[in-house]
Amino acid sequence: MRRSHMTTVSLLAALALAACTNAKDVLEPSAIAPQSTQAVPAAGTAAAPQPSATTQPSAPAQSATTPVPAKSAAVIARTRLQVAPIVGASVEAATPLTAELQTRARQRGITLAGSAGQTPTHVLKGYFSTMSEGKDTTVIYVWDVYDPAGNRLHRINGQQKAPSVNGGDGWAAVAPETMQAIADQTIDQFATWLGSQAG
């Protein structure tokens, strides 16, 4: 139990340091060209927990099959989400994350505010770090949701553990599917929070 507490303290310190990283570790999401690849959730990864499906009971896995209350749908339809540059993750790790954020947002009916003059209603800022233990690597993430004036409205955080790949350490050990699973969970939780604002 004590080790778990120390690990949590270490992770929080790592996130604080990640927020102070220089610009070379920041990926501008608008720099990624929209991809026409199909969204493939990482549910097939046995070691990767999927908290959004179990801990977020009001977050349906697919909005196409689950009816959304009219008020919630109206709030989501009015939302224009801007994803700020990702802090702490390597460009190689952030690329599949950003692409899946775009795909999942479209699936949930959330409009992404691009650089074409669309004013966002919400800004999503993400801070990431990794921790490798044995044959597994855990990605720790914190997303803050802001209004256009810079006021923080909501926080989404969690961690995704999966087997390390490429025999690497840190970001080199993180599979694209791990980052895609984080993107799916993030958008699902954001949509659930938006829906809760409708009441």
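In the block above lies the structure referred to throughout.
Below you will find a few notes about this structure.

What follows deals with helix 5 (residues 176-196). With 21 residues, helix 5 should cover 30 Å at 1.5 Å per step; its first-to-last C-alpha distance of 31 Å lies within 8% of that length. Taking burial as the measure, the 21 residues of helix 5 include 18 buried ones, the bulk of the element.

Take the sheet that holds strand 5 (residues 152-163) next. What the five strands build is an open sheet, ordered 2-1-3-4-5; its pairing is mixed. Of all strands in the sheet, those bounded by a partner on one side alone are strand 2 (111-112) and strand 5. For strand 4 (residues 136-146) and strand 5, the ladder comprises eleven bridges, and the chain directions are antiparallel. Paired with W143 across the two strands is I156, which belongs to strand 5.

Let us now look at the nonpolar core. Within the largest apolar cluster, 29 residues are counted, with the highest numbers of intra-cluster contacts made by L97, I110, F128, W143 and M179. The set of elements that each furnish at least two residues to this core consists of helix 3 (70-78), strand 1 (80-83), helix 4 (91-107), strand 3 (122-133), strand 4 and helix 5. The greatest single-element share of this core, amounting to eight residues, is contributed by helix 5.

Another aspect to go through is the packing of aromatic side chains. Applying the stated criterion across every chain yields a total of three aromatic pairs. Ring plane angle 85 degrees and centroid distance 5.3 Å describe the contact between F128 and W143, whose orientation is recorded as edge-to-face. Here the residue F128 occupies a position in strand 3, and W143 occupies one in strand 4, the gap between them amounting to 15 residues. When sorted by exposure, F128 lands in the same class as W143, which is buried. The rings of F128, Y141 and W143 are connected pair by pair, giving a single aromatic cluster. Between K125 and the ring centre of Y146, over which it is positioned, the NZ or CZ distance is 4.8 Å.

Thresholds applied
- Residues numbered from 1 in each chain as written.
- Predicted model: local features only at pLDDT ≥ 70, side-chain atom pairs only at ≥ 80, totals over all residues.
- Heavy atoms only, no water.
- Helix = DSSP H or I, 4+ residues; strand = E, 2+ residues; numbered from the N terminus.
- Expected span 1.5 Å × (residues − 1).
- Buried < 20%, exposed > 50% of the residue type's maximum accessible area, 1.4 Å probe, protein only.
- Pairing = 2+ DSSP bridges.
- Core = buried A, V, L, I, M, F, W, Y, C linked by side-chain atoms within 4.5 Å.
- Phe/Tyr/Trp six-rings, centres within 6.5 Å; stacked < 30°, edge-to-face > 60°.
- Lys NZ or Arg CZ within 6 Å of the ring centre and 35° of its normal.

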